[in-house]
2 protein chains.
Amino acid sequence: MLESSGRTEHREPVITRQNVTPKPIDAHEPWMRGLHADTGYLLYRLGLRSGQLFNACLQESGLRLRHYAVLRFLATSDGALQRELSARLGYDPSAIVGLVDDLEKLGFAERRPSPDDRRSRIVVLTGSGRAFLRDTDEAGQRVTGELLGPLDPAERETLHALLLRIAEDGLN
Amino acid sequence: MLESSGRTEHREPVITRQNVTPKPIDAHEPWMRGLHADTGYLLYRLGLRSGQLFNACLQESGLRLRHYAVLRFLATSDGALQRELSARLGYDPSAIVGLVDDLEKLGFAERRPSPDDRRSRIVVLTGSGRAFLRDTDEAGQRVTGELLGPLDPAERETLHALLLRIAEDGLN
DNA sequence: CAACAACTATTGACGTCAACAATTATTGCT
DNA sequence: AGCAATAATTGTTGACGTCAATAGTTGTTG
């Protein structure tokens, strides 16, 4: 970006106006003062923490979060074209290639030719892939438990429900 | 990682293919409960989406989310050592260097020598930095509103409260 | 039916970004 | 004075996203 090298298009900030709304914080929102005033920003930070914890947890298996995402998707819809994985998971098609390569090397998934379309490949979960998922699921729940430490079960449930709503909005 | 929705918004993939989801989800099998069964994993994906939206919003000013985080922290505790920024924001010290460099280039912050310790530098927000924060705050709330679309105000508040609790647990 | 457009998986190049080690300057300790 | 610890910084490495290009395949259309 505009790092020290500054060779890319060098956008000028253009924010010369100070007028703008006085932005009354209102006693209505007391948390508007701190770093985590904005829910979106909060989500971003917590997402990072969660990802780190998950990655640390998966690290001992040689996989990363992205692999886990693929495995999980394969578990829900048994057999998926790489094109689907790309679209639904949001990864670039070129990224899917490497991920499936890795999973195949570990014996967790395999590519099978599609009967209808010879350019497509159907990625399916193997037995050991399913077993791996079963094993890591409990580790994942341990991590989640650690992350959600200060929340009691009922609160966790409502949190999950709320997050699920905003997740499904984006048609994940 | 850039999860799904935020990215190629211009054109929808339109999965005309097959519908591989007979998908008998068995709630008794945790690893089969779908992609977003785990709250931690859900948080991870939503955090990415949120980050994308925020970044897209800040992009026009030439800054990124990390810059915004620094600015916000500087606004709350006027004047901070880079070491503090690193510790409280969770970024690596080496990352702080570049971020403060950028902010300095844009005139939003400046490094001042510390009177007590000559190896430390105190980073302070400038007037235009403060103005910039004021301006972008409203954009941030717009993004957050977009992200939290399906939630009514009361739900948003409870979500924010819950997230805040688990955020403060990690001494952020 | 033959040419052409669209699509799938794949590879490669390029820039970005975050985590880690190493360096320099400075301080505190003993 | 000597030495460990600390603040800022640089450099390096590996992961990641984006884009462009290619080969093989399918569908369409003139």
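Computed from a prediction, not measured in an experiment: that's the story for all the values here. Each residue is numbered by its place in its chain's sequence as written, counting from 1. All chains are assigned letters beginning with A, and all ligands numbers beginning with 1, in the order in which they are written. Where local features are concerned, this predicted model is filtered to residues with pLDDT of at least 70; where side-chain atom pairs are given and counted, the filter is 80 or more; whole-chain, interface and lining totals use all residues. Side-chain figures throughout are based on the complete set of non-hydrogen atoms in the structure, without hydrogens or water.

Q: Looking at this structure, I do not really get the overall build of chain A. What am I missing?
A: Across its full length, chain A holds six helices and three strands. Helix numbering and strand numbering both begin at the N terminus, where a helix is a DSSP run of H or I of at least 4 residues and a strand a DSSP run of E of at least 2. Sequence-ordered secondary structure for chain A, helices as α and strands as β, is α-α-β-α-α-β-β-α-α. Across the 172 residues that make up chain A, the buried fraction comes to 47%. Looking at chain A as shown, the accessible area adds up to about 9,000 Å², and 51% of this sits on carbon and sulfur atoms. Burial status follows relative accessibility: with a 1.4 Å probe on protein chains alone, a residue under 20% of its type maximum counts as buried, one over 50% as exposed, and anything between as partly exposed. Areas reported here follow the Shrake-Rupley algorithm with a probe of radius 1.4 Å; residue values treat only the protein chains shown as occluding.

Q: What am I meant to see in the sheet that holds strand β3 (residues 121-125) of chain B here?
A: The strands making up a sheet associate through backbone hydrogen bonding, with each pair oriented either parallel or antiparallel. Residue and element names in this part refer to chain B. By the convention used here, strands pair only if DSSP detects at least 2 bridges between them. Pairing is antiparallel across the open sheet formed by three strands, whose spatial order is β1-β3-β2. The open sheet has two edge strands, β1 (80-81) and β2 (109-113), and neither has a second partner. Judged from the two bridges that link them, β1 and β3 form a sheet pairing that is antiparallel. From the neighbouring strand, L81 faces β3, where its bridge partner is I122.

Q: Just checking my understanding: could you explain the protein's contact with DNA strand C for this structure?
A: Any residue with a non-hydrogen atom lying within 4 Å of a molecule or strand is treated as near it. Taken together, the neighbourhood of DNA strand C is formed by 20 residues, with Q82, R83, R111 and R119 of chain A together with R66 of chain B sitting nearest. Counted as a polar contact is a pair of N or O atoms within 3.5 Å, where, for protein atoms, one must be capable of donating a hydrogen and the other of accepting one, and residues adjacent in sequence contribute only when both atoms are in side chains. Side-chain polar atom of Q52 of chain A to a phosphate oxygen of DNA strand C: 3.1 Å apart, as the coordinates give it. Between DNA strand C and R119 of chain A, the relevant distance is 2.4 Å, taken from a base oxygen to a side-chain nitrogen or oxygen of the residue. Among the elements that line the surface near DNA strand C, the one with the most residues is helix α4 (residues 93-105) of chain A, at three residues. Ten residues, namely Ala, Val, Leu, Ile, Met, Phe, Trp, Tyr, Cys and Pro, are considered nonpolar, four, namely Asp, Glu, Lys and Arg, are considered charged, and the remaining ones, Gly among them, are considered polar. Split by residue class, the surface near DNA strand C holds four nonpolar, six polar and ten charged.

Q: Sorry if this is basic, but what is going on with the sheet that holds strand β2 (residues 109-113) of chain A here?
A: Residue and element names in this part refer to chain A. Read across the open sheet, the three strands follow the order β1-β3-β2; overall the sheet is antiparallel. At either margin of the open sheet sits one strand with a lone partner, and together these are β1 (80-81) and β2. Where β2 meets strand β3 (residues 121-125), five bridges bridge the pair, whose relative direction is antiparallel. Counted as the bridge partner of R112 is I122 from β3. In this fold α4 packs onto β2 and β3, with an angle of close to 115° to the strand it touches most, β2. The contact definition used throughout considers only heavy atoms, calling two residues in contact when any of these lie within 4.5 Å. Working convention: axes come from line fits to C-alpha atoms, limited for helices to the stretch in contact. Angles between N-to-C directions cover 0 to 180 degrees.

Q: What should I look at first to understand the side chain of T39 of chain A in this one?
A: Considering the arrangement of structural elements, one finds T39 of chain A in helix α1 (residues 39-58). At a separation of 2.7 Å, a polar atom in the side chain of T39 of chain A contacts the side chain of H160 of chain B. With sequence-adjacent residues up to four places away left out, T39 of chain A is seen in contact with T144, L148, L159, H160 and L163 of chain B.

Q: I'm lost on helix α5 (residues 127-147) of chain A in this one. Help?
A: Along an α-helix, residues three or four apart share an orientation, since each turn contains 3.6 residues. Counted at 1.5 Å a residue, the expected span for α5 of chain A with its 21 residues is 30 Å, and the 30 Å between its end C-alpha atoms agrees. Every buried residue of α5 of chain A is accounted for by G129, F132, L133, T136, D137, A139, G140, V143, T144 and L147 of chain A. Given the number of residues in a helix, its expected span is that number minus one, multiplied by 1.5 Å.

Q: Where do I start with the packing of aromatic side chains in this structure?
A: Ring pairs (aromatic) are described by centroid distance and by the angle formed between their planes. Planes of paired rings set the category: under 30 degrees apart is stacked, over 60 is edge-to-face and the rest tilted, where pairs are Phe, Tyr or Trp rings (Trp by its six-membered ring) whose centres lie within 6.5 Å. Enumeration according to the criterion identifies nine aromatic pairs over all chains in this entry. Look at Y68 of chain A and Y41 of chain B: their rings are 5.9 Å apart centre to centre, the planes differ by 85°, and that puts the pair in the edge-to-face class. On the criterion of chain membership, the pair formed by Y68 of chain A in helix α2 (residues 65-76) and Y41 of chain B in helix α1 (residues 39-59) is interchain, its members lying in two chains. Each member of the pair, Y68 of chain A as well as Y41 of chain B, is classed as buried. Residues F108 of chain A and F132 of chain A carry aromatic rings whose centres are separated by 4.6 Å and whose planes lie at 20° to one another, so their mutual orientation is stacked. Separated by 24 residues along the polypeptide, F108 of chain A in the loop between α4 and β2 and F132 of chain A in helix α5 bring together distant segments of the chain. Taking relative accessible area as the criterion, F108 of chain A reaches 12% and is therefore assigned buried. With a relative accessible area of 10%, F132 of chain A lands in the buried category. Aromatic rings pair up to connect Y41 and Y44 of chain A together with F54 and Y68 of chain B into one cluster. A ring is scored as having a charge over it whenever the NZ atom of a lysine or the CZ atom of an arginine sits within 6 Å of its centre and within 35 degrees of its normal. Across from the ring centre of Y91 of chain A, 4.4 Å away, lies the NZ or CZ of R66 of chain A, which sits over that ring.

Q: It is not clear to me how the nonpolar core should be interpreted in this structure. Could you clarify?
A: If you look at soluble globular proteins, the nonpolar side chains tend to sit buried side by side. Core analysis: the largest hydrophobic core is formed by 55 residues, its most contacted members being L159 and L163 of chain A together with L85, L159 and L163 of chain B. Not counting residues within four places of it along the chain, the set of residues in contact with L85 of chain B comprises V70, F73, L74, A80, G90, I96, V100 and V123 of chain B. In this text, buried Ala, Val, Leu, Ile, Met, Phe, Trp, Tyr and Cys residues form a nonpolar core when linked through side-chain atoms within 4.5 Å.

Q: Teacher, can you tell me more about the pattern of salt bridges here?
A: Once their charged atoms are close, side chains differing in charge can pair, the charge on each being opposite to the other. By convention in these notes, a salt bridge is any Lys or Arg side-chain nitrogen within 4 Å of a carboxyl oxygen on Asp or Glu. A complete count under the given rule lists ten salt bridges over all chains for this structure. Across the salt bridge formed by D78 of chain A and R130 of chain A, the nearest N and O atoms sit 2.4 Å from each other. On the criterion of sequence distance, the pair formed by D78 of chain A in the loop between α2 and β1 and R130 of chain A in helix α5 is long-range, its members being 52 residues apart. Note that R165 of chain A and E155 of chain B form a salt bridge whose closest N and O atoms lie 3.0 Å from each other. A residue pair is termed interchain when its members come from two chains, as with R165 of chain A in helix α6 (residues 153-169) and E155 of chain B in helix α6 (residues 153-169). R165 of chain A sits in the partly exposed class, given a relative accessible area of 34%.

The values are spatial; any link to function lies outside them.
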